[in-house]
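This is what each chain is made of:
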Amino acid sequence: MAIRPVILYPDPRLKVVCPAVEAIDDATRAVAQNLLDTMDAGPPRTVGIAAPQIGASTRVVLVDTSRSPKHPGGHGLLALVNPRVIASEGDQFFREGCLSIPDYTANIRRRRSVTVEALTLDGEAMRVDAEGFEAVVLQHEIDHLDGILFLDRVSNVKTDLFQRKVR
Ligand SMILES: [Zn+2]
């Protein structure tokens, strides 16, 4: 498949509520493969990506926290179609970044643990229980499907938003 250019904030395509995948077909699997290729080509610590970030307005995300040197673990590579959080517990703060917002990071309050229901690329129902960093990444990527960016969840831009150092 193909590496796609990552769409950057404030592109309006990042603010769209994506429609659900009605039937998982070759087009769905192509989106997932393009997401994987784009994630592989991104910065080395990239742990998640969502379809609208490569211009596909559909509900597909990839999460792989095993790529994080700082917070490894979790379930390895997850390719989720129509994911939704069906249960959550607790609160935590994590410093988040985003491929689509390369110049900033922010401390964001998220749920500490989540249960996510989704379909696999084979159309099988699946459920993931995640906590800590993996739970953060799942919430971040699912937010993308609803047109929500971490910038929308910064509670105090003076204390919680950080400009990245020039690389
Ligand atoms: Zn993001």
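Provided above is the structure to which this section pertains.
Here is what the cut-offs are and how they apply
- Residues numbered from 1 in each chain as written.
- Predicted model: local features only at pLDDT ≥ 70, side-chain atom pairs only at ≥ 80, totals over all residues.
- Helix = DSSP H or I, 4+ residues; strand = E, 2+ residues; numbered from the N terminus.
- Buried ≥ 20, exposed ≤ 12 C-beta atoms within 10 Å, placed from the backbone.
- Contact = placed C-beta atoms within 7 Å.
- Expected span 1.5 Å × (residues − 1).
- Pairing = 2+ DSSP bridges.

Thoughts on the environment of Ser88
Following the sequence through the fold, Ser88 ends up in strand 3 (residues 78–96). Its 16 C-beta neighbours within 10 Å are what place Ser88 among the partly exposed residues. In this structure, the C-alpha to C-alpha distance between Ser88 and Ala130, residues 42 residues apart in sequence, is 9.4 Å. With residues near it in sequence (within four places) discarded, Ser88 still touches Arg111, Ser113 and Val114.

Remarks on the environment of Asp11
As for its placement among the helices and strands, Asp11 is situated in the segment before helix 1 (26–41). What makes Asp11 partly exposed here is the crowd of 13 C-beta atoms within 10 Å. Considered as a pair, Asp11 and Ser100 are 89 residues apart in the sequence and their alpha carbons are 9.1 Å apart.

Brief notes about unusual backbone geometry
Following Tyr9, the chain continues to Pro10 via a peptide bond in cis, the omega torsion being 5°. The topology assignment puts Pro10 in the segment before helix 1. In this structure, Asn82 takes a positive phi of about 55° despite not being glycine. With respect to the element layout, Asn82 can be found in strand 3. In this structure Asn82 comes out as partly exposed when scored by C-beta crowding, with 19 C-beta atoms within 10 Å.

Description of helix 2 (residues 132–145)
With 14 residues, helix 2 should reach 20 Å at 1.5 Å per residue; the first-to-last C-alpha distance of 21 Å fits that figure. Summarising burial for helix 2: twelve of the 14 residues are buried, a large majority. When helix 2 is considered as a whole, its buried residues turn out to be Glu134, Ala135, Val136, Val137, Leu138, Gln139, His140, Glu141, Ile142, Asp143, His144 and Leu145.

Here we look at the pairing of strand 4 (residues 104–119)
The pairing of strand 3 with strand 4 spans twelve bridges and is antiparallel. Looking across to strand 4, one finds that Gln92 is bridged to Arg110. Inspection of the sheet shows strand 4 paired to strand 6 (residues 161–163) by three bridges, in the antiparallel sense. Bridge pairing links Ala106 to Leu161 in strand 6. Examined bridge by bridge, strand 4 and strand 5 (residues 125–131) share seven bridges and lie antiparallel to one another. In the sheet register, Ser113 faces strand 5, and the bridge partner there is Glu131.

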